[in-house]
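# Breakdown of the fold
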Amino acid sequence: MVRILLRKTLRTMMENKAWNLGAFFMVLISSLLIVGMTIVADNLGAIFNAYATDNLLADAEFSTNGEIDIASLEDRFDAIIEKMSSVDYEVKPGQTLRIFAENRDVNLYAVMAGADLDEGGILVDPLFADANGMSIGNTLLIDGREFKLLGTMVLPNYVYIIRSREELINDPKAFGIAVLSRQNLDRLAGRTESYAVRFNARERMHEQELSLKAHLLTNGIDISQWESTEDNARVSYVALEVQTLSTVSKVLPAMLLTLSMILIGILLNRMIQRESAVIGTLYALGYRRSELLRHYLIHPLLIAGSAGLLGGVLGLAMVKPMLDFFTITVFPMPVEAYQTNYLSLLIGMATPVVVLCLASYGVVSRLLRAAPVALMKGVTRAEKRNVIERTLKLDRFNFTTKFQIREQVRSLSRTGFLLFGVIVATMLLLYGLTLQSSLDYMLNEGIAALYNLKFEYVFKEMRTNPPPAGTEEWNGVYVTPQQDRTLSFAVIGVLPETRRIRLKDLSGQPLIPNQVIITHLLANKLRVGRGDEIQVVSDTNLQEYTLTIDAVADSAAGEFIFMPLEQLNQMLGAQAGSYIGLWTDEPMTFPEGALSSTKSMDAVAAGIRNLISQTGVLVYTLMGAAFILGLIIIFLVTGMIIQENKITISLFKVLGYRPKEVNRLILDSNTPLVVLGYVIGVPVLLASVTAFMQSLTSSMQMTIPARLNVWYMLLGFVVVMLTYQVARWLSKRNVDRISMSEILKTGIE
């Protein structure tokens, strides 16, 4: 008898191939994402942690105004401290190598290919070598001396190789890193020296950094720059990627499994209602409820089990290509071997089975509670008007409108499935477009709108001499708010009559920086507004300051506080007229070793545009996935409507309705729901992207405002409606196949 029931289940599934294939596809993608993304995220995190441990990644890097006693500090703070040297050298116009001296204690390089370093050679990072056609054995001319390219290497403090935190994406054609022996680097001009510290105790890192910093300041060592590794974008972007993959491996599968649960629930509900007389007869013949329950649970078990198994295998197969992409192209790191997390594999394959079977159990057990006599009479098939249908007053509408409205409200599960499915498809469709729109907004309405300059030069030490003609001086300090020690932002002192910084309030009116002005991105994060006070601590000298906010600026350029230059100097205890940097429209040259950093606004803008262009693949991939998902969902729902109205369609044809009229009655009833799903999906997407960006703030050290261009919204709507029309066209053939004789088979006149 078990084989008979199994054959019946398979026969029923073949009769509803489209619906079951739709559920199979969604479960398969869910399992694939759970397995693939989870294992990739786990491996990427484990590879980085091993790399950071084996190559002694520093916990912080800092610069001082003089020499420090490394040996005594190491003993006092149980740490490893090493003095580092580096030079930014322009190999060719527009092609810069940041060359580091070989370290022996912290931030140790790892050779990726070729031979190790010697006195006559140099190592460069693999991305720079590949992008610029360099091969092992070539020679590089550095400051008039030839060095042989012995191999490629990577540094743990430059896992993501970017010039500065303002660059969102690396450009290996223009910037790379290299390592020379310390003797060779000491011969180069323009060296920058700093210190790296790694604490032996791996707990309470923030407190240990504060203790070291306080000790240096107490002993008269001024700190000109301090960067914790957790705030270093070159390192924290790895954690950002791991968090992103982990989020994707949970959110998207949850949505698809929810859709699958609704779909399977609808199918089982209709199947049992259609077979209620048979079920009642089997009850009367002595079959137990548990036997029938197991029989109907075979349906979701077959779908979830087969899809989960195949999805798990495909997810496992995608692990190596994805990890190769990350560890070779994005975050070059040494890798010994990838680990297969069999627990994640088991979870990815078992989750769809458990979720769908539990949901199906709830649906089936509820329907099988009816008495055998009631089931034999087909009571469960009797359609009852629900609360919504009873509430609606449809008499004022024409027949077509009334029929279409009733089709939606009489099956709330089907309506909910379509609505939720269109929302999910909309979010998939617009996610990449939202990312592009947000970056474009940050560039054009943020950076380009705020900065009226082309170059920014930051000095190692504060200056008081008059700035060169055509430049504008400014001062700044990085601070940490008392209320959130994980956040660091810049307080910038500018001239009240500045032409380089353009600020406006939330109503669009210009703001003159003769007051303390906070950007609204930072104000939202700190939950402060006009008139509020902020307690902050300097990242370099640990001095505490109180700032009173006078205005909030509508700027998407970043998280800053602007204030008058002399007010900032007075607050810092600096001499009147002091400045740390210059803004200008023309490139400038300064004595060797004078500059701490240089920033080109054109390069920053080019980096963002490059990132926007590189998201094109993501955009088209998500648009394709959304099109397929939307097509499946709309086609399945339309198929349900056709199946339920098979007799009605036949009757319409007998009564003389033309094919176009029948299609309008049956197929067009979903149009308002598709439009409503898209309208709801847009704000839900923006809210989810905003929450996601805020959760990544600690890794990104910046906030990207979530925006969606109106034209992108229209493009998304066109794609959704095109998907709907394709599904409608596919379903039209099913309507045409229903003949007028169908109504005669029921015995109804």
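It should be emphasised that the depicted structure is a prediction, and the values quoted were computed from it without experimental measurement. Each chain has its residues counted from 1, running along the sequence as written. Side-chain atom pairs in this predicted model are given and counted only at pLDDT of 80 or more, local residue features only at pLDDT of at least 70, and totals for whole chains, interfaces and linings cover all residues. To obtain the side-chain values, all non-hydrogen atoms of the structure were included, while hydrogens and water were left out.

Once that is clear, we can look at the overall build of the chain. For helices the rule is a DSSP run of H or I covering at least 4 residues; for strands it is a run of E covering at least 2, with both sets numbered from the N terminus onward. Within the chain, the secondary structure is distributed over 24 helices and 22 strands. For the chain, the spread of C-alpha atoms along the three principal axes comes to 100 × 60 × 45 Å. The buried share of the chain, taken over its 749 residues, is 51%. Whether two residues are in contact is decided by their heavy atoms: any pair within 4.5 Å suffices. Sequence separation of 24 or more characterises 82% of the internal contacts of the chain that already satisfy a separation of 6 or more. Here the Shrake-Rupley method, with its probe set to 1.4 Å, supplies the accessible areas, and only the displayed protein chains count as covering residues. Element-wise, carbon and sulfur atoms account for 58% of the exposed surface of the chain, whose accessible area totals about 34,400 Å². Residue burial is assigned from relative accessible area. The probe radius is 1.4 Å, only protein chains are included, and a residue is buried under 20% of its type maximum, exposed over 50%, and partly exposed in between.

This part is about helix α6 (residues 205–218). To estimate the expected span of a helix, subtract one from its residue number and multiply by 1.5 Å. In this model, α6 (14 residues) spans 20 Å end to end at C-alpha, consistent with the 20 Å of a helix rising 1.5 Å per residue. Of the positions making up α6, those classed as buried are Q208, E209, L212, K213 and L216. End-on, the buried residues of α6 take up no more than an arc of 130°, which puts them together on one face. Directly after α6, the chain includes G220, whose backbone phi takes a positive value near 80°. Note: the arc covers the axis-to-C-beta directions of the helix.

So, about the confidence of the model for the chain. Any residue range with low pLDDT should be treated as having predicted coordinates unsuitable for detailed reading. As a per-residue quantity, pLDDT reports the predictor's confidence and falls between 0 and 100. Looking at the chain, the pLDDT average stands at 83 and 91% of residues meet or exceed 70. Averaged pLDDT values for the elements of the chain fall to 54 in helix α22 (residues 697–700) and rise to 95 in strand β5 (residues 121–124).

A pairing counts as a salt bridge when a side-chain nitrogen of Lys or Arg comes within 4 Å of a carboxyl oxygen of Asp or Glu. In this structure the tally under the stated criterion is nine salt bridges. D324 serves as the salt-bridge partner of K320, at 2.8 Å between the closest nitrogen and oxygen. Here the residue K320 and the residue D324 both occupy positions in helix α9 (residues 289–330), the gap between them amounting to four residues, near one helical turn. A relative accessible area of 21% places D324 in the partly exposed class.

Another point: the packing of aromatic side chains. Two rings belonging to Phe, Tyr or Trp (six-membered ring only in the last case) form a pair when the distance between their centres is within 6.5 Å. Interplanar angles under 30 degrees mark stacking, angles over 60 mark edge-to-face geometry, and anything in between is tilted. Per the counting criterion, the structure on display carries 14 aromatic pairs. Measuring from ring centre to ring centre gives 5.3 Å for W474 and W583, while their planes differ by 15°; the resulting arrangement is stacked. Here W583 lies in strand β21 (residues 579–584) and W474 lies in strand β12 (residues 472–481), a separation of 109 residues in the sequence. The class of W583 is buried, set by a relative accessible area of 2%. Both rings, one in Y678 and one in F717, keep their centres 5.5 Å apart while their planes meet at 65°; by these two values the pair is edge-to-face. You can see Y678 sitting in helix α21 (residues 671–695) and its partner F717 sitting in helix α23 (residues 710–737), a full 39 residues away along the chain.

Phi at D78 takes a positive value of approximately 50°, unusual for a residue other than glycine. The topology assignment puts D78 in the loop between α3 (70–77) and β2 (79–92). Despite not being glycine, N107 shows a phi value in the positive range, around 50°. Checked against the element boundaries, N107 lands in the loop between β3 (95–101) and β4 (110–114). For N107, a relative accessible area of 3% corresponds to the buried category.

A pair of packed helices is captured by two measures, namely the crossing angle of their axes and the spacing between those axes. Contact pair α3 / α6: the axes reach a minimum separation of 11 Å and the direction vectors enclose 140°. In terms of axis orientation, α3 runs oblique to α6. Note on packing geometry: the crossing formed by α3 with α6 is right-handed. Across from L73, R76 and F77 in α3, the residues of α6 making contact are Q208, S211, L212, H215 and L216. Axis definition: a line fit to C-alpha positions, over the contact stretch in the case of helices; interaxial angles, taken between N-to-C directions, run 0 to 180 degrees. To sort the angles, those under 35 degrees are grouped as roughly parallel, those over 145 as roughly antiparallel, those from 65 to 115 as roughly perpendicular, and the leftovers as oblique. When the near helix sits turned anticlockwise from the far one by under a right angle, the crossing is termed left-handed; a clockwise turn instead gives a right-handed crossing.

A few words on the packing of helix α8 (residues 276–284) against α9. Here α8 crosses α9 at 145°, and the two axes come no closer than 10 Å. When α8 is examined against α9, the residues I279, L282 and Y283 are found in contact with a partner set consisting of R289, L292 and Y296. For this scheme, ten residues count as nonpolar: Ala, Val, Leu, Ile, Met, Phe, Trp, Tyr, Cys and Pro. Four count as charged, namely Asp, Glu, Lys and Arg, and the remainder, Gly too, count as polar. Classifying every residue of the contact of α8 with α9 gives five nonpolar, no polar and one charged.

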